[in-house]
Amino acid sequence: MGKIIGLVNQKGGAGKSSITNALSNEFARRGYKVLVVDYDPQGTQTMLFGFNKLSQFVDTEHDMTNIFNNKTVKPLAVKENLDLLPANPNLREEAESGKMGKELVLSNFLRGGFGKKGLADDYDIVFIDSPADSGALTVGTIAAGDYILIPTRLTFVDSTGLVGTLQTVIQAVMTFRLNLSILGFIPVAYKSRLREHNDILASLKTTIPQIISKYNFIKVASDELFFEPLKDRIAWAEAAGKRVSIRDYIEKEKKAQKDILLALENITDEIIRRVMIHSEIAVEV
């Protein structure tokens, strides 16, 4: 079964969708078979892949709400090695309907069980993009993940949200007795010359391990919890506006910002190391 990575942060604008999109494209480029699950009813991830009308998937074979009614959902092939389960504007209504076990629906769908094959069996790696809150869909993302990856901006407000997100992860692990690991934290929109960013990053590198150390049942994928920061670059917003991957956009229109691609390659390498994905597939160069 493919490794399942849930991206969470209850603070909006933390970069979950951009990072999910960038990493899924990086893994697909390297030959891994990738599934992206857009579990956010706002559908930012789905739109980043070029599908601007979420309503087009309602009552179709691609309708994500089907998983709450024990029906199948067919992924969309968006490019070579990369499939998408698109968002549905009715996701929140289904997730908060009061049905027993609603937080575990996505996990059961991806992992299978009771004689049913899980969708994750068809992939090397699965990325789940979650909404910016601590509700049932976010908890469902945590419950489905083998690993939790948390992007964050480096402001005081965002650092407070980061701690709240970590507490949500801890509570979900306790409530559902989950066997997951925290993959790490990715600082985004980083400005190396801005003192505030450096001070907050240094503070988080002290505070976050202290919080985690209080709970001996919380596992981490590496002693080094923080990935290389992704710098603040206009290419992120421009690529999103054009509905193309950050790599495609930089290689065609913003070659001066190739430092983003180097950082993404380093992060991808480190994720592979942390989750121990073994593959003989050659890297595309």
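As the structure is a computational prediction, the values presented were derived from the model and not from experiment. (Residues numbered from 1 in each chain as written. Predicted model: local features only at pLDDT ≥ 70, side-chain atom pairs only at ≥ 80, totals over all residues. Heavy atoms only, no water.)

A. Spotlight on the packing of aromatic side chains. With the rule as written, the count across this model stands at 5 aromatic pairs. Taking the centre distance of 5.2 Å and the plane angle of 25° together, the rings of Phe185 and Phe226 count as stacked. Taken as a pair, Phe185 in strand S9 (residues 181-188) and Phe226 in the loop between strand S10 (219-220) and helix H8 (234-242) lie far apart in primary sequence, 41 residues in all. Across this residue pair, the class does not change: Phe185 and Phe226 are buried. Taking the centre distance of 5.8 Å and the plane angle of 70° together, the rings of Tyr215 and Phe217 count as edge-to-face. Residue Phe217 is classed as partly exposed on the basis of its relative accessible area, which comes to 35%. Linked through ring pairs, Phe27, Tyr32 and Phe127 together constitute an aromatic cluster. (Phe/Tyr/Trp six-rings, centres within 6.5 Å; stacked < 30°, edge-to-face > 60°. Helix = DSSP H or I, 4+ residues; strand = E, 2+ residues; numbered from the N terminus. Buried < 20%, exposed > 50% of the residue type's maximum accessible area, 1.4 Å probe, protein only.)

B. Region of the structure containing helix H5 (residues 136-144). Most of H5 sits out of view: 9 of its 9 residues are buried. Where H5 is buried, its residues touch strand S1 (3-7), helix H3 (91-95), helix H4 (105-111), strand S7 (125-129), strand S8 (147-153) and helix H6 (156-176). (Contact = heavy atoms within 4.5 Å.)

C. Structural view of the pattern of salt bridges. The full count for this structure, using the stated rule, is 19 salt bridges. Arg30 is paired through a salt bridge with Asp269; the nearest N and O atoms lie 2.6 Å apart. Linking Arg30 in the loop between helix H1 (16-29) and strand S2 (34-38) with Asp269 in helix H10 (residues 259-275), this pair joins segments that are 239 residues apart in sequence. Assessed through its relative accessible area of 7%, Arg30 is described here as buried. (Salt bridge = Lys/Arg side-chain N within 4 Å of Asp/Glu carboxyl O.)

D. Molecular detail of the side chain of Thr152. Among the secondary structure elements, Thr152 is positioned in strand S8. Owing to a relative accessible area of 0%, Thr152 belongs among the buried residues under this scheme. The contact partners of Thr152, leaving out residues within four places of it in the chain, are Asn9, Ala14, Asp158, Leu162, Ile186, Pro187 and Val188.

E. Broad picture of the confidence of the model for the chain. Considering every residue of the chain, the mean pLDDT works out to 93; 96% of them sit at 70 or more. A low-confidence stretch, residues 279-285 (pLDDT under 50), is modelled with 10 contacts involving residues beyond four sequence positions or located in other chains. (pLDDT = per-residue confidence, 0-100.)

F. Quick look at the sheet that holds strand S4 (residues 82-85). Strand order across the open sheet formed by 8 strands is S3-S4-S2-S7-S1-S8-S9-S10, with mixed pairing between neighbours. Of all the strands in the sheet, just strand S3 (76-79) and S10 have a single pairing partner and so form its edges. Pairing between S3 and S4: 3 bridges, direction antiparallel. Looking at the pairing, Lys79 lines up with Leu82 of S4. (Pairing = 2+ DSSP bridges.)

G. Focus on the pairing of S9. Taken across its 8 residues, S9 has 8 buried, putting it largely inside the fold. Across 7 bridges, the pairing between S8 and S9 is parallel. Residue pairing in the sheet places Ile150 in a bridge with Phe185 of S9. Judged from the 2 bridges that link them, S9 and S10 form a sheet pairing that is parallel. Of the residues in S10, the one forming a bridge with Ser181 is Lys219.

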